[in-house]
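Read off the chains here:
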Amino acid sequence: MPDLVKLNAAIDSFEASALGGNKSGDLSNERSLAIEAFAGKNIEPAPEGRSQVIDWTVFETIQWVLPSLTRIFANGDNVVELSPFGPEDEDAAKQETDYLNYLITQKNNWFLTCLTWFQDALLTKNAYCMAFMEEKIKTEKQIYKEQSDQALALLLQDGAEVVEADTYPDPNAQPQMTQDPMTGMPVQMPPPNLHDVVIRKTTPSKRLAFKVLPPENVLIGEDTPDFTTENCNYFEYFEDVTISDLRCLGFEIEDDIASDRGNSDTVEDARSQYNEDLDKGESPDPSMRIVRARTIFIRHDYDEDGMAELQKVVRVGREILTREEVDRIPVASIVPFINTHRHIGASVADLTFDIQRIKTVLLRGGLDSLYLSQNPRHAVSDKVNMDDVLVSRPGGVVRMKDGSLPSEGHIMPLTTEFTLPQTLQGLQHMDTVVESRVGVNKLFQGIDENATNDHNRIGQLSTMAAQRVEQIARVFSNGVGHLFSLAHELIIKSGHQAETIQLRGQWVTIDPSTWRNGRDMKVVAPFAAGNKDTLVARLMNIATMQEKALAGGLPIITPDDAYNTAIELTKASDFPSPEKFWTNPEQIPPPEPPPDYTMMALEVENKKADSQAKNVEVDAEIDKYKADLEASVDKYRADLTAETQIALAQLKEGQQANIERLKASLKIADNAIGLETGDGKVVPVGNAFDALTATLGETMNKLDQTINTLTAEKEIVRDAQGKVVGTKLKAVQ
């Protein structure tokens, strides 16, 4: 069965020989001296009364190198690029690249991470940055008063826990009546309740995060073969945290857990500018007691199968809080100047610390010479008032004893050589030493007033100086690529949830569960330290060559090539998001093909043929419509004629009957014509009968004409469009 005792023994064995384990050793001393020199501390005080001025060469050199490094790695949203496994994997690799850069450069403060990480390396040799999935449990108490039942239910929906509660009737509630179901009598309802509660909310969170580890808190196996952490057998990082912090990380520990937290070492003392790292004593709150939590990665045969696996252990004191087997140490290491086949390299502070000491001595000597030349020493006799001699003030008086004369030589100034000009020459020489060691000169800094018009010399010397800084950047790129590789693996293995984000101006859904591990990774940041105008000029030359090739018709330039040049040129101009200025050719829809005139002519002929066919169909439909219309009109006319003849026949018969009845009602008396009325009287009408007969004859003639008109043959009248608008009598041939 696995033995934790053996694991603790293995940890103790590695710790004893680990680099950084001896807090009073050479490594810690060199780091503490570098930090103190960077902070401008008076490491070697001069005797009292002498100049205490301090040179800042270490600080100035590091601060001149840092902007170039941060501009290389933190001047945009695209730092690394993932390689596809094959042609079919190119789109997936691009999406993973965009999302990884998004998580690191936008969801984290990547600039501040780079600045801290790089400064540690330039100052204290090796520097370390850890990638991890930050999982926290945030617990907070919230107080709510006068909450109704519904409001309390909403507060408890997210899994909140009620710690304290006070329930009471609502004093402002209006009385309400209801009917008793048993008696049917109206009764008053009890008032609703209100609640004063204290609830505890526990919110878990998980995100990809980075942490720059203080180098003095890192222990690494002495047998580590290079400056990286990929092949080391032991790596430890410790920090002093409270018991409450550990519990927020999910560890269940007792208040009285032992801790091997010791006194601060020399590096911690050097970093402490205002005694902020001094032990404040034990807190009366047990949850705020500070303990040392050690995160250890060790190769150890825990399962005793004969193979040493990489174990991750979290230990407080002698108690192991958690242990798990892992694949990699999630820490990337960088160093400005490597020491081949060894882990610990050299820093910029190592190369400039002795120069700072020398320049400090020169400055102090030159200033002391200036002070003594302005306030020289004197040899005096006993005839001089010593109190006046010891007080040096402009225009001051030195009293002499009675009877003494100044010409007698009672006061003699001691001549001190004025060496400040030689001191300034010595300081300039030491600046050239800094240039040769680190590569930072006035031209690289852009502050040489004597060479502002000599552009060729500026370009050459600044480029030569930038090469040393560029070499540092290339070494750093190995660590940056390692860090991104660790982040990529963590995203895949940690169950990162799918999310929808905007990448390259488009909303896409990213699902890391579909990603593949083991991709090759390279840093795509341009290594162009120093004079930025030189980089811009080089890119402009490339753009000019591309323009000439395009104008000459050479098939060596594509829209993607021009787009990449524009992107790099925009980045070199210090615009962090070049996609705002240029559109990726892949996102531009393809242009419409030129018109095919043959097809257009064929379409025109087809349309003509179709039009003619349609005209024939329309004419046939019109003829059919005309025939149908004429048939309908003929039928209507025949029906109307028949009905009219029947009506006229009936009318004639009725009229004839009326005439006969009229004749019968007439009687002739005394050769006079009269009309018999209803009471039997006869009214004379003279020749009225003859007139009536004539009128009836005319009426009958008109009826005959009307019949002839209705029954005559007619023809249809149409408008200009062929539409029927009426009829007319057909002309007689």
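Since this is a predicted model, take the numbers as computed values, not measurements.

Visitor: It is not clear to me how the pattern of salt bridges should be interpreted in this structure. Could you clarify?
Guide: Side chains bearing opposite charge may pair, as long as their charged atoms lie close to each other. If you walk through the whole model with that rule in mind, you get 21 salt bridges. Between Lys-359 and Asp-55 there is a salt bridge, with the nearest N and O atoms lying 3.8 Å from each other. Separated by 304 residues along the polypeptide, Lys-359 in helix α9 (residues 348-374) and Asp-55 in the loop between α2 (26-38) and α3 (57-73) bring together distant segments of the chain. You can call Asp-55 buried: its relative accessible area is 8%. Between Arg-328 and Glu-489 there is a salt bridge whose closest N-O contact spans 2.8 Å. Remark: Glu-489 occurs in helix α13 (residues 455-493) and Arg-328 occurs in the loop between β11 (319-325) and β12 (331-334); sequence separation between them is 161 residues. Arg-328 gets classed as partly exposed once you look at its relative accessible area, which sits at 26%. Accessibility expressed as a relative area gives 10% for Glu-489, which makes it buried. One salt-bridge network, in which partners are shared between bridges, spans Asp-327, Arg-328, Glu-489 and Lys-493.

Visitor: So what exactly am I meant to see when it comes to the packing of α9 against helix α11 (residues 420-438) here?
Guide: For any two helices packed against each other, one specifies the crossing angle of their axes together with the interaxial distance. Contact geometry of α9 with α11 gives a least axis separation of 9 Å together with a crossing angle of 175°. Taken together, the axes of α9 and α11 lie roughly antiparallel to each other. Contacts from Val-348, Leu-351, Thr-352, Asp-354, Ile-355, Ile-358, Lys-359, Leu-362, Leu-363, Gly-366, Ser-369 and Leu-370 in α9 reach Leu-420, Thr-423, Gly-426, Leu-427, Met-430, Asp-431, Val-433, Val-434, Arg-437 and Val-438 in α11. Across the contact of α9 with α11, the residue classes tally to 13 nonpolar, 5 polar and 4 charged.

Visitor: What's the story with the sheet that holds strand β10 (residues 309-316) in this structure? I'm lost.
Guide: In sheet architecture, strand pairing relies on hydrogen bonds along the backbone and comes in two forms, parallel and antiparallel. Spatially, 5 strands are ordered β7-β8-β9-β10-β11 in an open sheet, and the strand pairing comes out antiparallel. The open sheet terminates on both sides in strands that have one partner only, identified here as β7 (218-220) and β11. With direction set aside, neighbouring strand axes in the sheet form an average angle of 20°. Bridging between β7 and strand β8 (residues 234-242) involves 3 bridges; their strand directions are antiparallel. Directly across from Ile-220, in β8, lies its bridge partner Phe-235.

Analysis parameters
- Residues numbered from 1 in each chain as written.
- Predicted model: local features only at pLDDT ≥ 70, side-chain atom pairs only at ≥ 80, totals over all residues.
- Heavy atoms only, no water.
- Salt bridge = Lys/Arg side-chain N within 4 Å of Asp/Glu carboxyl O.
- Helix = DSSP H or I, 4+ residues; strand = E, 2+ residues; numbered from the N terminus.
- Buried < 20%, exposed > 50% of the residue type's maximum accessible area, 1.4 Å probe, protein only.
- Axes fitted to C-alpha atoms, helices over the stretch in contact; angles between N-to-C directions.
- Parallel < 35°, antiparallel > 145°, perpendicular 65-115°, else oblique.
- Contact = heavy atoms within 4.5 Å.
- Nonpolar A, V, L, I, M, F, W, Y, C, P; charged D, E, K, R; others polar.
- Pairing = 2+ DSSP bridges.

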